[in-house]
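# Overview (structure and organization)
Read off the chains here:
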Amino acid sequence: MAEKQGSSIARKSFFCLFLTTTTLFVFSWFFVLRSTGRPNLFDSNLLPNEKALTSINNGNSGTSTQTNVESSNGSSRAILANNEREREEEEGEEPAKKVEGFQDKDGAMSCNGNAKEPLKIFMYDLDPEFHFGLLDWKPQGGSSSVWPDIRTEIPHYPGGLNLQHSIEYWLTMDLLASEISDNPNIRVVIRVQNSSEADLIFVPFFSSLSYNRYSKVNPHEKRSRNKVLQAKLVKFVTAQKEWKRSGGRDHIVLAHHPNSMLDARMQLWPAIFILADFGRYPLNIGNVDKDVIAPYKHVIRSYVNDTSDFDSRKTLLYFQGAIYRKDGGFARQELYYLLRGEKDVHFSFGSVQKDGVKKASQGMHSSKFCLNIAGDTPSSNRLFDAIASHCVPVIISDEIELPYEDVLDYSEFCIFIRTSDALKGKFLINFIRGIKKEQWTRMWEKLKEVEPLFEFQYPSKEGDAVQMIWQSVARKVAAIKMKVNKSRRYTYSVPRKERGLRTMPAPKNFW
């Protein structure tokens, strides 16, 4: 009996000791965390500013209406704006002034406003064989300069389908122009000569042009010129102190053509790629978190002074291009068989040859809706041809990524239809026929507003495609700097291999 009582007392004593120890442990950690933590869980500066509403009014700040703040979520944003305005008037405050252009999440101006400092870019002085030499440009008079003097000569970029992926040309020209600009205050990017002052490093390789012109192997050659240039580029870039300093994370590499940089991308993958889509990129090589999607340069003629309307555009639905495609482009063939019998639908094969561009311009300008169907890759230049034509795009491409979509709501001027739905009998044509004149007109008006955001030009202008791409790149800078800084945490520590495995043995009676 005495042994049982003693055992019972011992168990109770052990339980009380365990409970007391656990309680003290929990309270001690509570006070430690409270003493070292921040007083506020959230930094109020990171919260969105309700007063700063984004609008795209193409230069008319005084004519913005409720339509400018409507989105795919209906009228909720308009209600928010109206309520905010009424509350300010009741309190005697002046309503916040609307500002032109886009604003990013911290409320700072970008693109159509200049509250932010320009993006600072250091550009490698690569040999002309990587850039303007591909355009048959050579230094004049025995000059050793690797760049043309754009004040006196502007190298011509080839036309036709080459233009689709010409962003490498426009961005490089814009950087060169930043050094001679009369008014640097209107620039969103400037070139700096010291890499330590730069936000990012620019690699001026015209990779799309290199692929289009020099991807074939000539007789008596083992490798194409395109592959040789890629190998030389990788060797040069990865040897630079700038690459080693950041591991390449702050480098900008242009690979807009889906087949460009096929070899080099595997070595330069830490860099920011500027791409048309991710169709031929493994997720660890190209992804939306790291890289930037840029628009194609439209090939068809812009619709200047567009006075058309719903009734004057006689064709309901338009598509002209390659019909039989590989990979994800099977939908084009299926839709061709589904739509070819519809009387107000134009669906035919077409190319840039034999006045193909002129015919496509005429067809898109006279159509209400233009199909943008996935081909070999998720993206297609037809989307940007449609925008230039003010022909409401109908996007059938489930994996498509779109330029500037973090600041631009495409649902305001595009129709999105899942591929699986589009291939269901009469679903597509019935859906398009069900769109009323008023809805089409709203989207048509919006297309005319956003069209300048997709225009490439030299010199670049406020809010055009060149400046929009730079702004998209600029929005990556903060995340890149955080990754680079984190990678430097243990720069001065003993290397992991030399430290060996460190363990902390648990007490024998821990369990």
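Residues numbered from 1 in each chain as written. Predicted model: local features only at pLDDT ≥ 70, side-chain atom pairs only at ≥ 80, totals over all residues. Heavy atoms only, no water.

### Overview of the overall build of the chain
Of regular secondary structure, the chain possesses 15 helices and 13 strands. Looking at the chain as a whole, 46% of its 511 residues qualify as buried. Considering only intrachain contacts with a sequence separation of at least 6, the fraction spanning at least 24 residues in the chain is 66%. When the accessible surface of the chain is summed, it comes to about 29,100 Å², and 53% of that surface belongs to carbon and sulfur atoms. (Helix = DSSP H or I, 4+ residues; strand = E, 2+ residues; numbered from the N terminus. Buried < 20%, exposed > 50% of the residue type's maximum accessible area, 1.4 Å probe, protein only. Contact = heavy atoms within 4.5 Å. Areas by Shrake-Rupley, 256 points an atom, 1.4 Å probe, with all protein chains shown as cover.)

### Describing the side chain of D250
Among the secondary structure elements, D250 is positioned in the loop between helix 6 (241–246) and strand 6 (251–254). Look past the residues within four positions of D250 in its chain and what remains in contact with it is D199, L200, I201, E242 and I480.

### Quick look at the sheet that holds strand 4 (residues 189–191)
Strand order in this open sheet of six strands is 4-3-5-6-7-8, and the pairing throughout is parallel. This sheet does not close on itself; its edge strands, each paired only once, are strand 4 and strand 8 (292–293). Two strands pair when backbone bridges link them, and strand 3 (residues 119–123) and strand 5 (residues 200–203) are joined in this way by three bridges, in the parallel orientation. Of the residues in strand 5, the one forming a bridge with I121 is L200. (Pairing = 2+ DSSP bridges.)

### Focus: the pattern of salt bridges
When charged atoms on two side chains of opposite charge get close, those side chains can pair. On inspection of all chains with the given rule, the structure shows 19 salt bridges. E129 is paired through a salt bridge with K232; the nearest N and O atoms lie 2.6 Å apart. One end of the pair, E129, is in the loop between strand 3 and helix 3 (167–177); the other, K232, is in helix 5 (residues 225–238), with 103 residues separating them in the sequence. For E129, a relative accessible area of 24% gives the class partly exposed. One salt bridge in this structure joins D149 and R151, with 3.0 Å as the shortest N-O distance. Linked through salt bridges whose partners overlap, the residues forming this network are E342, D344, K426 and R433. (Salt bridge = Lys/Arg side-chain N within 4 Å of Asp/Glu carboxyl O.)

### Structural notes on the confidence of the model for the chain
The predicted structure's coordinates, where accompanied by low pLDDT, should not be read in detail. This prediction gives the chain a mean pLDDT of 82; 74% of its residues lie at or above 70. Counted against residues more than four places away or in other chains, residues 93–115, with its pLDDT under 50, gives 61 contacts. (pLDDT = per-residue confidence, 0-100.)

### As for the nonpolar core
Across soluble globular proteins, nonpolar side chains show a tendency to be buried alongside one another. If you look at the biggest cluster of nonpolar residues, it comprises 111 residues, and the most contacted ones within it are I274, F369, L371, V394, Y404 and W470. Counting residues per element, this core draws most heavily on helix 3, at eight residues. Contact partners of F369, with chain neighbours within four places excluded, come to L316, L317, Y318, C391, V392, V394, I415, I432, I435 and W440. Grouped together as the second largest cluster of nonpolar side chains are eight residues, A360, M364, A386 and C391 included. (Core = buried A, V, L, I, M, F, W, Y, C linked by side-chain atoms within 4.5 Å.)

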